[in-house]
Structure formats: C-alpha cells, structure tokens
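# Observations on the model geometry
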Amino acid sequence: MENNGRRKFLGLCLGGLAAGATAAVAYPVYRYLAPRGADATAGTVTIPEKELPPGEAKFLEFAGSAAVVVRTKNGDLIALSAVCTHLGCIVQWEKDKQGFVCPCHAGYYTANGDVISGPPPRPLKKLPVRIADGVITVG
Ligand code: FES
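Figured I'd write up the structure that's included with this text.

Parameters at a glance
Residues numbered from 1 in each chain as written. Predicted model: local features only at pLDDT ≥ 70, side-chain atom pairs only at ≥ 80, totals over all residues. Heavy atoms only, no water. Helix = DSSP H or I, 4+ residues; strand = E, 2+ residues; numbered from the N terminus. Buried < 20%, exposed > 50% of the residue type's maximum accessible area, 1.4 Å probe, protein only. Contact = heavy atoms within 4.5 Å. Areas by Shrake-Rupley, 256 points an atom, 1.4 Å probe, with all protein chains shown as cover. Pairing = 2+ DSSP bridges. Axes fitted to C-alpha atoms, helices over the stretch in contact; angles between N-to-C directions.

### Points about the overall build of the protein chain
- Summing up its helical and strand segments, the protein chain has 1 helix and 11 strands in all.
- In the protein chain, the succession of helices and strands from N to C terminus is α-β-β-β-β-β-β-β-β-β-β-β.
- Out of the 139 residues in the protein chain, the part that is buried amounts to 29%.
- Residue pairs at least 24 apart in sequence account for 41% of intrachain contacts in the protein chain once pairs closer than 6 positions are excluded.
- Element-wise, carbon and sulfur atoms account for 59% of the exposed surface of the protein chain, whose accessible area totals about 8,700 Å².

And the structure:
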C-alpha cells in the first residue's frame, strides 16, 4: 500500500519534470522556426545619413523583422531584409568582402542581396529606401 503511494508520487514528479523539459526545449524551437514579423505593422524607419558611410551596413528592425541598409563604396543605397531566404537566420555584413554571409549554413549574398553561393534559394528581399535632407528612410 505504501509502495503504491510512493510510486504514484514518483510518477507525478517524473511527469512534471518531463513536461517542464519538453516546454523548455519546444519554446525556443518554436521561436526560432516561427515566421518573423507576422503580426508586425508596416511603417518607416529613419537613420541619419552620417551614420552610414560608404562601404558600411546598418542593421535595424523594419516591420517587426531584421533589415539592413547598405551604402556601397560608390554611394548606392540598398535596403534589404536581413532574413536569410534559406531557413531564416539573420545575415551578417562582411565589410572586407562587401557582401553578406549567413552564419547558419554559409550562404553568401552580394551587397545587392543576390545569392553568390550556398543553400539560399532566392535573393534577400529588397525594401524601399530613399534619402532626403540627410535622412535615410526605409519603408
Ligand atoms: S539559413 Fe542561411 S544559409 Fe541556411
């Protein structure tokens, strides 16, 4: 009789631990895989032009998702989604190569967002960008 009580208690404890462990693993996986910016509102983001010299990139959040603005060495301005088109990792700017690398599976993109190599199936999504009176506006 007493053994049954202990077994039942032990079973409840193990069940609780298993549920907690499952939640601890499942939530980060869900956050990683969930579509980004699904509930985001559109708008614009501005940055002072002086914060983006030629050859540099500036990452920002646009419409609830990671984005990046590039000022190429010849002065062109490009705004892109920073979300890799393979599995959604955030790309990184490689100033020396003037392009983007995805840290997850080594996808490479040009500064214009075109795929150079690796698994990404499509270019990075282009975003509207303009410059006026020393202010860069994305969106
Ligand atoms: S998620 Fe970017 S290359 Fe796989």
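Now, onward.
### Focus on the sheet that holds strand β7 (residues 108-110)
- Read from one edge of the open sheet, 4 strands run β5-β6-β7-β8, paired in antiparallel fashion. On the outer flanks of this sheet lie β5 (92-94) and β8 (115-117), each paired with one strand and no other. Going across the sheet, the axis of each strand differs from the next one's by a mean of 35°, ignoring polarity.
- Taken together, the 3 bridges between β5 and strand β6 (residues 99-101) define a ladder with antiparallel strand orientation. Counted as the bridge partner of glutamate 94 is glycine 99 from β6.

### Topic: the sheet that holds strand β2 (residues 56-62)
- Within the open sheet, the 4 strands sit side by side as β2-β3-β4-β9. Their pairing is antiparallel. Each edge of the open sheet is held by one strand with a lone partner, namely β2 and β9 (126-127).
- Relative to strand β4 (residues 77-81), strand β3 (residues 65-71) is paired through 5 bridges, and the arrangement is antiparallel. Paired with valine 70 across the strands is isoleucine 78, a residue of β4.

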